Number of protein chains: 2
Amino acid sequence: MKTLKQMDRGALSDALDHAGQRTTPQREMVFSILLDERNHPTADEVYTRTKSRMPTISMATVYNCLEALVTCGLVKQVNIEREPTRYCPNLSPHAHFHCRETGRVYDVPVPEGMMKDLVKVLPGNYSADSVELVFRGHLEKGKTK
Amino acid sequence: MKTLKQMDRGALSDALDHAGQRTTPQREMVFSILLDERNHPTADEVYTRTKSRMPTISMATVYNCLEALVTCGLVKQVNIEREPTRYCPNLSPHAHFHCRETGRVYDVPVPEGMMKDLVKVLPGNYSADSVELVFRGHLEKGKTK
DNA sequence: AATTTGATTTAGAATAATTCTAAACTATAT
DNA sequence: ATATAGTTTAGAATTATTCTAAATCAAATT
Ligand SMILES: [Mn+2]
Ligand SMILES: [Mn+2]
Ligand SMILES: [Zn+2]
Ligand SMILES: [Zn+2]
């Protein structure tokens, strides 16, 4: 995909607007990069990919754009162990699987309502606004994805 | 608790031995510190507490000891967002709750078998050896623990 | 007991992801 | 046109952690 689909462009403007932030070419490009290949890239990977299409962009700007996208709710940060933060534009409730062999991170769809049900294990005085479920292991050979 | 209980001392020696590592005063002290106050301290906090009872210990040694304890399976690392790694000597399956207000991390007991059941959401070609469940939110006033 | 061996501890340097700073740039509002 | 405020940018700073190399220690062997 060379550019942002009209739908995504609209969602981006709306979300940024709602958070009092401007829509800029850099933010559009970074968002487009994230949507284009959803393999939980690190900031550095986003930088490399973005730079190939917008050679003047800086690392600082990539971090700034990613932060803007996270702030306005279009992207989630995924932290696994002490590795660099990864970025995920998948907004539906899902878990993550981290393969020890390849280091790759995969989205794992979960049954409807499961993430919300998990908070039921919390004692009454705990109130959670986010639930994070991460598996670690390996992918059997055969399917690589 | 001034020193390691006999039970814990034995578990420590056995576990270190099994991993081909020696039992040292520093490792015993660090382990004792972790067991004594189970509030998921960071390496830095462990360093401070340990230093008060063993003034010559160094930060490098604290990291080394913590790594030894993790390697031999007596302690788990807990990573939350980009914060410094925390250390948890609770070996029973449990979840974690991270309070946004205080920054503190709490153990959340889960029903028997729940952590193991969670892996059932994984497609057949995924095989997980660890499951991590983290909630984020806040503790209602009243009980602070 | 003295010596060898290898693991451990230690101080300090190095690393690396991220954040910060301040100047240049851009877009919008007046 | 000018002012204002947000954004981008390069590079410096930060910081948790790892690495390095020398000193220490403890077990094993002579
Ligand atoms: Mn991995
Ligand atoms: Mn917090
Ligand atoms: Zn994801
Ligand atoms: Zn814990």
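Here is a short report on the structure shown in this document. For clarity, every value in this text was computed on a predicted model and none was experimentally measured.

Some points on the protein's contact with DNA strand D
Around DNA strand D sit 15 residues, and of these T24(A), R27(A), T61(A), Y63(B) and T85(B) come closest. Atoms of DNA strand D within 4 Å of the protein: sugar and phosphate make up 80%, bases the balance. Here T56(A) contributes a backbone N or O atom positioned 3.1 Å from a phosphate oxygen of DNA strand D. In this structure, T61(A) approaches DNA strand D through a side-chain N or O atom, which is 2.7 Å from a phosphate oxygen. Every element with two or more residues in the surface near DNA strand D is listed here: helix 2 (25-36) and helix 4 (59-71) of chain A. The greatest single-element share of the surface near DNA strand D, amounting to 3 residues, is contributed by helix 4 of chain A. Among the residues making up the surface near DNA strand D, the classes are represented as 4 nonpolar, 8 polar and 3 charged.

Things to note about the interface of chain B and chain A
At the interface, 37 residues of chain B touch 37 residues of chain A. Summing the contributions of chain B and of chain A, the shared interface buries around 3200 Å²; its carbon and sulfur component is 52%. Our enumeration of links across chain B and chain A arrives at 4 salt bridges. Residue R136(A) pairs with E132(B) through a salt bridge whose shortest N-O separation is 3.2 Å. Counting the contacts that link chain B with chain A gives 21 residue pairs in polar contact (both at pLDDT 80 or more). Mapped onto the side of chain B that touches chain A, the elements with two or more residues apiece are strand 4 (105-109), helix 5 (114-118) and strand 5 (126-139) of chain B. No other element matches strand 5 of chain B, which puts 14 residues into the side of chain B that touches chain A. Of the residues assigned to the side of chain B that touches chain A, the class counts are 20 nonpolar, 7 polar and 10 charged. Pairing analysis gives 13 bridges linking strand 5 (residues 126-139) of chain A to strand 5 of chain B, with the strands arranged antiparallel.

Thresholds, definitions, all that
- All residue numbers refer to positions counted from 1 along the written sequence of the respective chain.
- Chains carry letters from A onward and ligands carry numbers from 1 onward, assigned in written order.
- Reporting in this predicted model follows two pLDDT cut-offs: at least 70 for local features of residues, and 80 or more for side-chain atom pairs to be given and counted; totals over whole chains, interfaces and linings ignore these cut-offs and use all residues.
- Heavy atoms from the whole structure form the basis of all side-chain values; hydrogens and water molecules are not counted.
- If even one non-hydrogen atom of a residue comes within 4 Å of a molecule or strand, that residue is called near it.
- By the criterion applied in these results, polar contacts are pairs of N or O atoms within 3.5 Å in which, for protein atoms, one can donate a hydrogen and the other can accept it, and in which residues neighboring in sequence qualify only through two side-chain atoms.
- Numbering of helices and strands starts at the N terminus; helices are DSSP runs of H or I of at least 4 residues and strands are runs of E of at least 2.
- Three residue categories are used. Nonpolar comprises Ala, Val, Leu, Ile, Met, Phe, Trp, Tyr, Cys and Pro, charged comprises Asp, Glu, Lys and Arg, and polar comprises the others, including Gly.
- When checking whether two residues touch, look at their non-hydrogen atoms; a contact exists if any pair is within 4.5 Å.
- Once two parts are put together, the accessible area they lose, assessed with a 1.4 Å probe and summed over both, is termed the buried area.
- One speaks of a salt bridge when a side-chain nitrogen belonging to Lys or Arg is within 4 Å of a carboxyl oxygen belonging to Asp or Glu.
- When DSSP locates at least two bridges between a pair of strands, those strands are taken to pair.

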